[in-house]
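Listed below, chain by chain, are the residues.
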Amino acid sequence: MSSLAFTHVPHPAPVAPDARAAAIADPVFGRIFTDHMVSIRYNETQGWHDAQVMPRGPLSLDPATAVLHYAQEIFEGLKAYRLDDGTMALFRVQANAARFNASARRMAMAELPEELFIAAVREIVRADAAWFPPVEGGALYLRPFMYASEAFLGVKPASEYHFLVIASPVGNYFKGGAPAVSLWVSEDYTRAAPGGTGAAKCGGNYAASLVAQSEAIAKGHDQVVFLDAAEHRWIEELGGMNMFFVMDDGSLVTPPLTGTILPGITRDALLTLARDAGLTVREERYAIDQWQADATSGRLTESFACGTAAVVTPVGKVTRGNTSFTIGAGGPGQVTAMLKDKLVDIQRGRAPDPHGWVTRL
Ligand SMILES: *Cc1c(COP(=O)(O)O)cnc(C)c1O
């Protein structure tokens, strides 16, 4: 399909340069937004149409809009970086475009041609290039998403969809490098079940995870770890990050993609980089009891979580009911740091890109 042409709607009053400079000097994740958004509409007769780069602003929705009732909504998250040489670049945008459509299929939504997804992402970065935070680790976090926009209360896949991309300037997720986080193992709530939507990046999965995340915070932890729904035994992932375990022989374990885990692009990149570095990598189930036993015996030396927003986050401590265990020395480990550096160096254009992950804009 030939890509749709984008109409550019001029912004009547973009944020003034000094106010923008103040906003991006120290951005808090997800609170500050750029001047523009991309919007593309879908209906069954016209297909994808009405592609616009326009001033960012509120949406006007009919109260019967399907997404507000039945939650047909999916999203993506990726970053545009400014490389050390000044060029702007995207990391693995094709993978995000493909995953978006995998999510769309699971949620019975219209698929967006991959080249249109990528064109939309390029358009927003071009429109808001002035919004890159001039700080170490700064990036434009891009949020493509799509919702069922048909006004109809009948229960069926909608016949109209609205796709948008918004952008948010972000600094380093954790200022001064990632501290080790403390995790709470949820034994009451699960995130995804076999046959469910765990592998789709849909808002509903997040809605279902929030009560468990709140419980973790209330108990003094940073994040929740979910176990599998059937046996409450196998480690799955956090609310929005995949998990890795580092053994004392230097090998790496991560839960396999069985349909209940979100197939993270950071997860995939780290698996590839670990293999490139000659590490043994196993995608296999890892039980919560085993994690505790291995951390206690020293057979497990490090654990970390990964995702686009925070990249790589070391795990320091895990609490399960009344018992807690510490991972390694409770701080960031060496293998974790090595893999993170390798990934960040490719993302920032400081290291060769043998897998063709970086798209310069
Ligand atoms: C987005 C997401 C991840 C991480 O995926 P990346 O592509 O690495 O950002 C992990 N788990 C869940 C539930 C997610 O929604």
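**Q** Sorry if this is basic, but what is going on with the packing of helix H6 (residues 265-276) against helix H8 (residues 334-347) here?
**A** The axes of two packed helices give the description: the angle between them and the distance between them. Following both chains from N to C, one finds H6 and H8 inclined at 110 degrees, their axes separated by 10 Å at the closest point. Taken together, the axis directions place H6 and H8 in an arrangement best described as roughly perpendicular. Contact residues: H6 offers Thr266, Ala269, Leu270, Leu273 and Ala274, while H8 offers Leu339, Lys342, Leu343 and Ile346. Classifying every residue of the contact of H6 with H8 gives 7 nonpolar, 1 polar and 1 charged.

**Q** I would appreciate a short explanation of the site of the ligand in the present structure.
**A** Taken together, 15 residues lie near the ligand, and Lys201, Tyr206, Glu237, Thr266 and Thr308 sit nearest. For the ligand, a nitrogen atom lies 2.6 Å from a polar atom in the side chain of Glu237. In the model, an oxygen atom of the ligand is placed 2.8 Å from a nitrogen or oxygen of the Ile265 main chain. The fraction of the free accessible surface of the ligand (390 Å²) that becomes covered by protein chains is 97%. Partitioned by chemical class, the residues of the shell around the ligand number 4 nonpolar, 7 polar and 4 charged.

**Q** Would you take a moment to explain the packing of aromatic side chains for this structure?
**A** Any pair of aromatic rings gets described here by the distance separating the centres and the angle formed by the planes. One pass over the full model with this rule turns up 12 aromatic pairs. Measuring from centroid to centroid gives 5.0 Å for Phe244 and Phe304, while their planes differ by 10 degrees, and the two rings are stacked. Remark: Phe304 occurs in strand E15 (residues 300-307) and Phe244 occurs in strand E12 (residues 242-247); sequence separation between them is 60 residues. Take Phe244 and Phe304: they sit in the same class, and that class is buried.

**Q** What am I meant to see in a nonpolar patch on the surface here?
**A** Taken together, Leu59, Leu61 and Leu68 make up a surface patch of nonpolar side chains, about 250 Å² in accessible area. Mapped onto the secondary structure, Leu61 falls in the loop between strand E3 (47-55) and helix H2 (67-70). Leu61 gets classed as partly exposed once you look at its relative accessible area, which sits at 35%.

**Q** How should I be thinking about the domain arrangement of the protein chain in this particular structure?
**A** Interfaces are often sized by the accessible area lost when the parts come together. Assigned domains of the protein chain: these are domain 1 (7-170) and domain 2 (181-347). Taking only C-alpha atoms, the centre of domain 1 and the centre of domain 2 are 28 Å apart. With 19 residues of domain 1 in contact, the opposing surface of domain 2 contributes 20 residues. Across the domain 1/domain 2 interface, buried area totals approximately 1600 Å², and carbon plus sulfur atoms make up 62% of it. Contact with domain 2 buries surface across domain 1, with Phe75, Phe91 and Arg99 losing the most and accounting together for 36% of the total. Of the charged contacts, one joins Arg92 and Asp268 as a salt bridge, the two residues approaching to 2.9 Å between their closest N and O atoms. For the pair domain 1 and domain 2, the number of links is 10 residue pairs in polar contact (both at pLDDT 80 or more). Elements represented by at least two residues in the side of domain 1 that touches domain 2 include exactly strand E4 (73-75), strand E5 (78-82) and helix H3 (93-106). Looking at the side of domain 1 that touches domain 2 element by element, the count peaks at 5 residues for H3.

Thresholds, definitions, all that
- Residues numbered from 1 in each chain as written.
- Predicted model: local features only at pLDDT ≥ 70, side-chain atom pairs only at ≥ 80, totals over all residues.
- Heavy atoms only, no water.
- Axes fitted to C-alpha atoms, helices over the stretch in contact; angles between N-to-C directions.
- Helix = DSSP H or I, 4+ residues; strand = E, 2+ residues; numbered from the N terminus.
- Parallel < 35°, antiparallel > 145°, perpendicular 65-115°, else oblique.
- Contact = heavy atoms within 4.5 Å.
- Nonpolar A, V, L, I, M, F, W, Y, C, P; charged D, E, K, R; others polar.
- Near = heavy atom within 4 Å.
- Polar contact = N/O pair within 3.5 Å; in protein donor to acceptor, adjacent residues only side chain to side chain.
- Areas by Shrake-Rupley, 256 points an atom, 1.4 Å probe, with all protein chains shown as cover.
- Phe/Tyr/Trp six-rings, centres within 6.5 Å; stacked < 30°, edge-to-face > 60°.
- Buried < 20%, exposed > 50% of the residue type's maximum accessible area, 1.4 Å probe, protein only.
- Patch = residues over 30% accessible without salt bridge, like charges linked within 9 Å, V, L, I, M, F, W, Y side chains within 5 Å.
- Salt bridge = Lys/Arg side-chain N within 4 Å of Asp/Glu carboxyl O.
- Domains from an automatic or database assignment.
- Buried area = accessible area lost by both parts, 1.4 Å probe.

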